[in-house]
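# Descriptive structure summary
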Amino acid sequence: MHNPFLVEVTRGHLVESRHRGSVSVVDAEGGTVLSIGDVDRRVFPRSAVKALQAMPLVESGIADKYGLTDEEIALACASHSGEPEHAATAKAMLAKAGQDAGCLECGVHWPMGEAANRALAASGASPSALHNNCSGKHAGFVCLACGQGQNPKGYVLADHPVQRSVREALEEITGACHTVEKSGIDGCSIPTYAIPLPSLAFGFARFGTGTGLPGDGKAAAARIRKAVARHPFMVAGTGRFDTKLMELLGERAFVKVGAEGVYCASFPELGYGVALKVEDGHARAAEAMMAGLVLRFLPLSADERKAVEVLAGPVLKNWNGIEVGQIRVSPEIRGIT
């Protein structure tokens, strides 16, 4: 099956570029709500599943053991911009487990946020692992290891107890086997597992509702969603799509960017989970598609709809501020006939 073109980029009155993609929307019972394109092709969700990877930290009681705040739990789900608040919060998480940035195994890069990047460079300082966009997730992994009584060293490896706990949580919530032959290494060095979009969407439907989650899973998922809704800045940062959309919608939508054009979401009130993939991996198309699905499925006020319309069809401007085109999603995404 071929993926259809789902996003167009215009210049003037002509279409300059097009993006193919696939979409799966599934309810908490596993029923298909929407299926577009080759949804059975396995994709690496990468950072889109950080909230699911945080489930063992919360469900085990270790988050409470270390007194993690809502801001810190939200950061454990983040692909953040490396702004000062993000780095400071990751540092505080580590301190609660008796650790510091030296134990992070995510690697070092300059802040993803341009303003934070420029400010750090202008100060004459160098980036640390705290500025890595995954430092919150990794700080959560360190807390999980220490809370389990494990040496955190090597926590990124597939056979470490931390990654075994995370893999089991992903398998439990998505219903898909996370096997070695379908695995790779993520940008932050932890294992990542390729699964079909419907399994990924099913996992987010369950995450959004708690349906079928054993033990304290339902309460853990609700706590994570609430933490993110209260502190959406921690999940991304200033001006970022995830932060803007969740600031607008609160607990009605949990959205999380992955990499290479993957996006996932939960619409808890509807009981829906969403997973999408842009074939060429372009983030601009994935964001527009996710905004288009919000417009299609969620009841919105007039002001909310206007704000999401901007995200679904951003205007493109050149360096002089002149409008030159637009990104727009297909009617198939919007459910418009």
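The rules we used
- Residues numbered from 1 in each chain as written.
- Predicted model: local features only at pLDDT ≥ 70, side-chain atom pairs only at ≥ 80, totals over all residues.
- Heavy atoms only, no water.
- Helix = DSSP H or I, 4+ residues; strand = E, 2+ residues; numbered from the N terminus.
- Rg over C-alpha atoms; globule rule 2.2 N^0.38 Å.
- Buried < 20%, exposed > 50% of the residue type's maximum accessible area, 1.4 Å probe, protein only.
- Contact = heavy atoms within 4.5 Å.
- Salt bridge = Lys/Arg side-chain N within 4 Å of Asp/Glu carboxyl O.
- Disulfide = S-S within 2.5 Å.
- Core = buried A, V, L, I, M, F, W, Y, C linked by side-chain atoms within 4.5 Å.
- Pairing = 2+ DSSP bridges.
- Axes fitted to C-alpha atoms, helices over the stretch in contact; angles between N-to-C directions.
- Parallel < 35°, antiparallel > 145°, perpendicular 65-115°, else oblique.

### What about the overall build of the protein?
If you tally the helices and strands in the protein, you get 15 helices and 12 strands. Expected size for 337 residues packed as a compact globule is a radius of gyration near 20 Å; at 19 Å, the protein falls within 12% of this value. C-alpha extents for the protein along the principal axes are approximately 60 × 50 × 40 Å. Going through the 337 residues of the protein one by one, you find that 55% of them count as buried. For the protein, the proportion of contacts with a sequence separation of at least 24, taken over those separated by at least 6, is 64%.

### As for the pattern of salt bridges
Between side chains of opposite charge, pairing is possible as soon as their charged atoms come close. According to the stated counting rule, one finds 10 salt bridges in the structure shown. A salt bridge links Arg11 to Glu16, with the nearest nitrogen and oxygen atoms 2.8 Å apart. Among the residues examined, Glu16 registers a relative accessible area of 47% and is labelled partly exposed. Among the salt bridges present, the one from Lys96 reaches Glu72, with a minimum N-O distance of 2.8 Å. You can see Lys96 sitting in helix H5 (residues 84–96) and its partner Glu72 sitting in helix H4 (residues 70–75), a full 24 residues away along the chain.

### A few points about helix H12 (residues 241–249)
Buried within H12 we find Phe241, Asp242, Thr243, Leu245, Met246 and Leu249. Check the buried side of H12 and you find it contacts helix H10 (217–230), helix H11 (232–235), strand S8 (254–257), strand S9 (262–267), helix H13 (283–297) and helix H14 (302–312). Two residues or fewer after H12 comes Gly250, characterised by a positive phi angle close to 60°.

### Looking at the state of the cysteines
Note on terminology: a disulfide is the covalent bond linking the sulfur atoms of two cysteines. On inspection of all chains with the given rule, the structure shows 0 disulfides. Left unpaired, Cys77 is separated from the closest cysteine sulfur, that of Cys134, by 12 Å. Accessibility expressed as a relative area gives 0% for Cys77, which makes it buried. Left without a disulfide partner, Cys106 is nearest to the cysteine sulfur of Cys134, which lies 6.8 Å away.

### Brief notes about the nonpolar core
Residues Val23, Leu200, Phe207, Ile224 and Met289 are the most contacted members of the largest nonpolar core, which totals 104 residues. It is H13 that contributes the most residues to this core, 10 residues altogether. Excluding anything up to four places from it in sequence, Val23 contacts Leu6, Leu34, Ser35, Ile36, Val39, Leu197, Ala275, Leu276, Met289, Leu293 and Ile333.

### Things to note about the pairing of S9
With respect to burial, S9 is a largely interior element, 6 of its 6 residues being buried. Across the two faces of S9 the burial is the same, with Val262, Cys264 and Ser266 and Tyr263, Ala265 and Phe267 all buried. Summarising the sheet, S8 and S9 pair through 4 bridges and their orientation is antiparallel. Bridging from a neighbouring strand, Lys256 pairs with Cys264 of S9. Between S8 and S9, which pair antiparallel in sequence order, lie 4 residues; one of them, Glu260, sits at a positive phi of approximately 55°. Judged from the 6 bridges that link them, S9 and strand S10 (residues 272–278) form a sheet pairing that is antiparallel. Counted as the bridge partner of Tyr263 is Leu276 from S10. Between S9 and S10, which follow one another and run antiparallel, lie 4 residues, and Gly271 among them has a positive phi close to 75°.

### Some points on the packing of H12 against H14
Where H12 meets H14, the closest approach of the two axes is 11 Å, and the angle between their N-to-C directions is 170°. Comparing their axes, H14 and H12 come out roughly antiparallel. The residues of H14 that touch H12, namely those facing Phe241, Lys244, Leu245, Leu248 and Leu249, are Glu304, Ala307, Val308 and Leu311.

### Section: the environment of Gly239
Take Gly239: it is sitting in the loop between H11 and H12. Taking the C-alpha atoms as reference points, Gly239 and Gln163, separated by 76 residues in sequence, lie 32 Å from one another.

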